[in-house]
Amino acid sequence: MSKTVLDNLTGMYFTLDAPDGTYGTGQVIRLAAEGVYFVRFDGNEVTLPLELVTVGEMLETTEEEYKLWRFFDTIEERDKWIEWLDAPSKPRVVSLVKPTK
């Protein structure tokens with residue numbers, strides 16, 4: 001009986017949060033072994049070497065339980081997330097004084 005390895009991440013795009021508040025982007029290229037993937041980070045001029053990342057690393061969270069890796073089916077979905085993430089927040093003005101009549 002052969003063991004089938006489940007591969008749900010190949011082809012997915014990702015963002016990876018860094019401790020300093022920045023983030024990296026890239027794509028999961030292919031399964032290397034059970035629970036280990038080759039990933040390519042954006043900005044690398046050379047297509048090799050790819051980096052090996054385990055599913056355990058992809059599941060890591062911060063002390064506050066925030067996910068470090070976020071996955072997207074398409075580059076457009078990822079870009080939309082990044083656009084929202086990078087957009088400056090719009091401050092709201094709330095009046096604490098009761099209007100007079």
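Up top you'll find the structure we're talking about.
Residues numbered from 1 in each chain as written. Predicted model: local features only at pLDDT ≥ 70, side-chain atom pairs only at ≥ 80, totals over all residues. Heavy atoms only, no water.

**Side note on the packing of aromatic side chains**
According to the stated counting rule, one finds six aromatic pairs in the structure shown. The interplanar angle of 85° and the centroid separation of 5.3 Å between the aromatic rings of Phe-14 and Phe-41 together place this pair among those described as edge-to-face. Within this pair, whereas Phe-14 is found in strand S1 (residues 13-17), its partner Phe-41 is found in strand S3 (residues 36-41), the two being separated by 27 residues in sequence. Residue Phe-14 is classed as buried on the basis of its relative accessible area, which comes to 0%. A relative accessible area of 18% means that Phe-41 is categorised as buried. Aromatic pair Phe-41 and Trp-69: ring centres 6.4 Å apart, planes at 55°, arrangement tilted. One end of the pair, Phe-41, is in strand S3; the other, Trp-69, is in strand S5 (residues 69-72), with 28 residues separating them in the sequence. On the accessibility criterion, Trp-69 (6% relative accessible area) is buried. Put simply, the rings of Phe-14, Phe-41, Trp-69 and Phe-71 touch in pairs and so form one group of aromatic residues. (Phe/Tyr/Trp six-rings, centres within 6.5 Å; stacked < 30°, edge-to-face > 60°. Helix = DSSP H or I, 4+ residues; strand = E, 2+ residues; numbered from the N terminus. Buried < 20%, exposed > 50% of the residue type's maximum accessible area, 1.4 Å probe, protein only.)

**Examining the sheet that holds S3**
Ordered in space as S4-S3-S2-S1-S5, the five strands form an open sheet in which the pairing is antiparallel. The open sheet terminates on both sides in strands that have one partner only, identified here as strand S4 (51-54) and S5. On average, each strand axis in the sheet is tilted by 40° relative to the strand beside it, whichever way the strands run. The sheet contact formed by S1 and S5 spans four bridges and is antiparallel. The residue of S5 that forms the bridge with Leu-16 is Trp-69. (Pairing = 2+ DSSP bridges. Axes fitted to C-alpha atoms, helices over the stretch in contact; angles between N-to-C directions.)

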